[in-house]
Structures are given as structure tokens and as C-alpha cells.
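Each chain is listed here by its residues.
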Amino acid sequence: MLTAASNLYRRFRSFPGWLVALSLFAGLLCARPLPAIGRQYEVRQIAPHTFVWVSDDVMDQNGDPYFNRSGNAGFIITPDGVVVLDATNNPFHAREVLYEIRQRTSSPVRLVIDMGPEGDQMLGNEVFAEQHATIISSSEAESRMRAYEQNLAKRQTFDSELPVHMRGVHFTLPGETFRGERSFNVGGQEIRLISLNCGLPGAEDGDAVVYLPNDKVLFLGDLYVNGYVPQMDSRDIRRWIGVLAQMEKWNVSTYIPGHGNPGTKKDLANFRGFLEWLNAGVEGGVRQGKSLSDIENQLLSSSPFNLLALDLAPRAIAAVYHQLVKPQTSRTTPPVAAPVAPLQKTPRSPDPSEGFLGGRSSPRPY
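Residues numbered from 1 in each chain as written. Predicted model: local features only at pLDDT ≥ 70, side-chain atom pairs only at ≥ 80, totals over all residues. Heavy atoms only, no water.

Visitor: How should I be thinking about the nonpolar core in this particular structure?
Guide: Most often, soluble globular proteins have nonpolar side chains that are buried together. Within the largest apolar cluster, 39 residues are counted, with the highest numbers of intra-cluster contacts made by Val209, Leu218, Leu220, Met247, Leu278 and Val282. Secondary structure elements with two or more residues in this core: strand 10 (208-212), helix 8 (237-247), helix 9 (265-287), helix 10 (292-300) and helix 11 (313-325). Once you skip the residues sitting within four places of it in the chain, Leu220 turns out to touch Met115, Ala208, Val209, Leu244, Met247, Tyr255, Ile256 and Leu268. (Core = buried A, V, L, I, M, F, W, Y, C linked by side-chain atoms within 4.5 Å. Buried < 20%, exposed > 50% of the residue type's maximum accessible area, 1.4 Å probe, protein only. Helix = DSSP H or I, 4+ residues; strand = E, 2+ residues; numbered from the N terminus. Contact = heavy atoms within 4.5 Å.)

As C-alpha cells, then:
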């Protein structure tokens, strides 16, 4: 054994010095954390300390098949910690977001804001709960998440494939909620949460937006998608159109969608125009006495549906159709409880007695 070791040592000494150095350097490279192989996302910096994780149009096999496309996620790096906006559609993507955070800072993740109750926004919550982050949503969203959790359990009783898809996903609810509006300061960064109800009459859908007045950036979650067919869910399309029209007037330069690339006021207006076209097309078909199938065939052949996630289009058309043919067809458009323009106001740091999130709401930032 000693002779064999001596022979190996003599052979190693006979290698050229550059080859030994190259081998050692390769070993050092392997010891460093590397990006995920074949990653299908990009991270964009939209302000000095604000980033958005944008997923490609990929249909995941793990997680809820109903939400098999991940929503975008944002993160804000401050001296007092990191704030995450939406947690993607499964723990795998949430860990990708956490990986990108760790490439930029070792500061703890202090806060996660779920801007809506849909699975593509919150099924990755568990990853940040493991980081001991506070998870917050509107109270309406938290209520809908509980209903979603119960619905998932029911679906698993008749869908034998669903437990396979959901393996490794641990449903994690927000630990804190808010109503209306909430403003707080993390490391000098003012962050305003605004709950906006686009739900059907008598219901609230739980959507909220996050406004960063210093950067003039607005995160909209699934209220805005750029280049994708939207998830209609329980949103009233006419109320939704009205809310978007109001947000176009806010003091905002960059609008961050739930899916797709960050946009401008023009991009947001284009999305609102798509919803108006969709509503008008379905409404016109209903007035002509056309069936849902005929309306789908007519609209799907139109150029405005030249979008990603086209598999969601029949579901979106059907949702609008059922809103229009219900007994409340003669109802007036629900009032839009949205403001006109952001206020120009100096950010207020919360009193220590208010806790991390602050105890009082700031004035409406629009």
C-alpha cells in the first residue's frame, strides 16, 4: 500500500504545473453555489433596491395543475431585511427566488406579501415561512385561501393525479392580515398595501397591490398580466376595467404584472383595452343569442387573442359569459371604489409601539 501511494505521488509531481493549477481552480468552482441548470426565468432590477423575478411561460408538473404557470415575484432589499412580493406557485420556484436574493444579500427575509389568494401567488409561502418571515395578505385573500385549501382537499378525493402533483407542497397561510390599506417602513423604504375589490357583486376577490412611492413602482399581482391571457377567477370584468382605468392615473412609472414583463402606462392601458374588447365581444354574442361555443369560436379566431397561455382563453370567455347571462344581466356596473391620483407625501416611519408593520393606515396613495 505504501509503495502504491509513493507511485501515485511521483506521478502527480510529474504533471505540468499549469495542469495542477487548473485542477485546483476547477475544484474551487465546483465548491461555489451555481445557478439552477436550465433555469427558465430572469431577474430584472427595476429600481436601485427593487427586483422582479419573471418566469418563462412554462407549465409546471408540480403544484396545483389549475395554477401550473408561476406568477412573477418581487423582492426589495433594505438595510433592515428583504421584503418579498408574492411567493410563486410552488416551493421549487420560491427557492429559485430565495436563491436570487442570496446572490445579492445575506439579510434575512423579513416580510412576504401575498397580493392575492390564487395558487400562482402563494403556494410557495412555506419556503419563506422556513426563513421565519412574516407573511401578510388582505383579510379577504386569507379567507379565500382557506376556502382554496378546503377545495384542494375535496379535489384530491376524485382526482387521483392531484396528490402526486401536490407532493412536497405544504399549504401555508398568511400569519397576519389587513383591511383596506396599510403603510409601513422597512429600512427607509416606504411600502403601501392597498386592497382593491374587483369581485362580483356581494363578494370580494382579495386582490391587493403594492405601491412604492419613492420608486414610482406598482406591483399589481394578477390584476395585470402583460402578453398573457388573464385568470378571471371571481373578478367582475366591468369592475376590473374600472379599477385599471383609475390606476393608469396614479403617479407610477413602472407597472409590475403577475405574469409577463414589467410594463408602462401604455402597456397597462393595452391590457385594459383587451378586457374591454373581451367584454364587448361576449356581450355582443349574448345579445345576438349565440351560444357560449359560438362566442368562443368567434373570439378565439380574433387577433387580440394572440397571447401566451392561450389554454386559459376558453375559461376566460366562459367566465365573462356566465357573468352576463345570470339574472343580474340588467344590473348597473358595480361602483369602482378607487381613487384618482397618488398623493405626494413624505413617508412616515411608524412609531415603535406600532410594531414591524405599523398600526395605522396611511392616506390613500393616489
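The structure having been displayed, the exposition proceeds.
Visitor: Sorry if this is basic, but what is going on with empty space enclosed by the protein here?
Guide: In this structure the tally under the stated criterion is two cavities of 30 Å³ or more. Put simply, the largest cavity is a space of about 130 Å³. Residue lining of the largest cavity: 14 residues in total, with Arg69, Asp120, Gln231, His259 and Leu312 positioned closest to the centre. Counted as a void, the second largest cavity has a volume near 40 Å³. Considering the residues around the second largest cavity, the lining is formed by Asn72, Ala73, Gly74, Leu85, Asp86, Met115, Phe219, Gly221, Ile256, Pro257 and Gly258. (1 Å grid on protein atoms, 1.4 Å probe; cavity = no way out; pocket = protein on both sides within 12 Å on 5 of 7 lines; lining within 4 Å. Points joined across faces, edges and corners; volume = space filled by probe spheres on them.)

Visitor: Explain the side chain of Glu140 here, please?
Guide: Relative to the helices and strands, Glu140 resides in helix 6 (residues 139-158). Those residues in contact with Glu140 that lie beyond four places of it in its chain are Arg179, Ser195, Glu204 and Gly206.

Visitor: Looking at this model, I keep getting lost on the packing of aromatic side chains. Mind explaining?
Guide: Describing an aromatic ring pair means giving the distance of the ring centres and the angle of the ring planes. Within this structure, the stated rule accounts for 11 aromatic pairs. Summarising the aromatic geometry, the rings of Phe51 and Phe75 are spaced 5.1 Å apart at their centres and angled 15° between planes, so their arrangement reads as stacked. Separated by 24 residues along the polypeptide, Phe51 in strand 2 (residues 50-55) and Phe75 in strand 3 (residues 73-78) bring together distant segments of the chain. Side by side, Phe51 and Phe75 carry an identical accessibility label, which is buried. An angle of 55° between the planes, with centres 5.8 Å apart, marks the rings of Tyr224 and Phe271 as tilted. Taken together, the residues span a long stretch of sequence, with Tyr224 in the loop between strand 11 (217-219) and helix 8 and Phe271 in helix 9 at a distance of 47 residues. Per residue, the accessibility class of Tyr224 equals that of Phe271, and both read buried. (Phe/Tyr/Trp six-rings, centres within 6.5 Å; stacked < 30°, edge-to-face > 60°.)

Visitor: Help me understand the sheet that holds strand 5 (residues 109-113) in this model?
Guide: Sheet strands pair by backbone hydrogen bonding; their relative direction is either parallel or antiparallel. Strand order in the open sheet made by the seven strands is 1-2-3-4-5-6-7, with mixed pairing throughout. Looking along the sheet, the strands with just one partner apiece sit at the ends: strand 1 (41-47) and strand 7 (176-178). Across the sheet, the axes of successive neighbouring strands diverge by a mean angle of 20°, strand direction being ignored. Pairing geometry for strand 6 (residues 134-138) and strand 7, over three bridges, is parallel. Following the sheet pairing, Ser137 is matched in strand 7 by Thr177. In the packing of helix 6 onto the sheet, contacts are made with strand 6 and strand 7, and the angle to strand 6 comes to roughly 100°. (Pairing = 2+ DSSP bridges. Axes fitted to C-alpha atoms, helices over the stretch in contact; angles between N-to-C directions.)

Visitor: Honestly, the pairing of strand 10 in this entry has me stumped. Any pointers?
Guide: For a regular strand, side chains alternate in direction, first toward one face of the sheet and then toward the other. Counting buried positions along strand 10 gives five out of five residues, so the element sits mostly inside the fold. Here strand 10 shows a buried face lined by Ala208, Val210 and Leu212 and a second buried face lined by Val209 and Tyr211. Here strand 9 (residues 189-195) pairs with strand 10 via four bridges, running antiparallel. Residue pairing in the sheet places Ser195 in a bridge with Ala208 of strand 10. One ladder, built from three bridges, connects strand 10 with strand 11; its direction is antiparallel.

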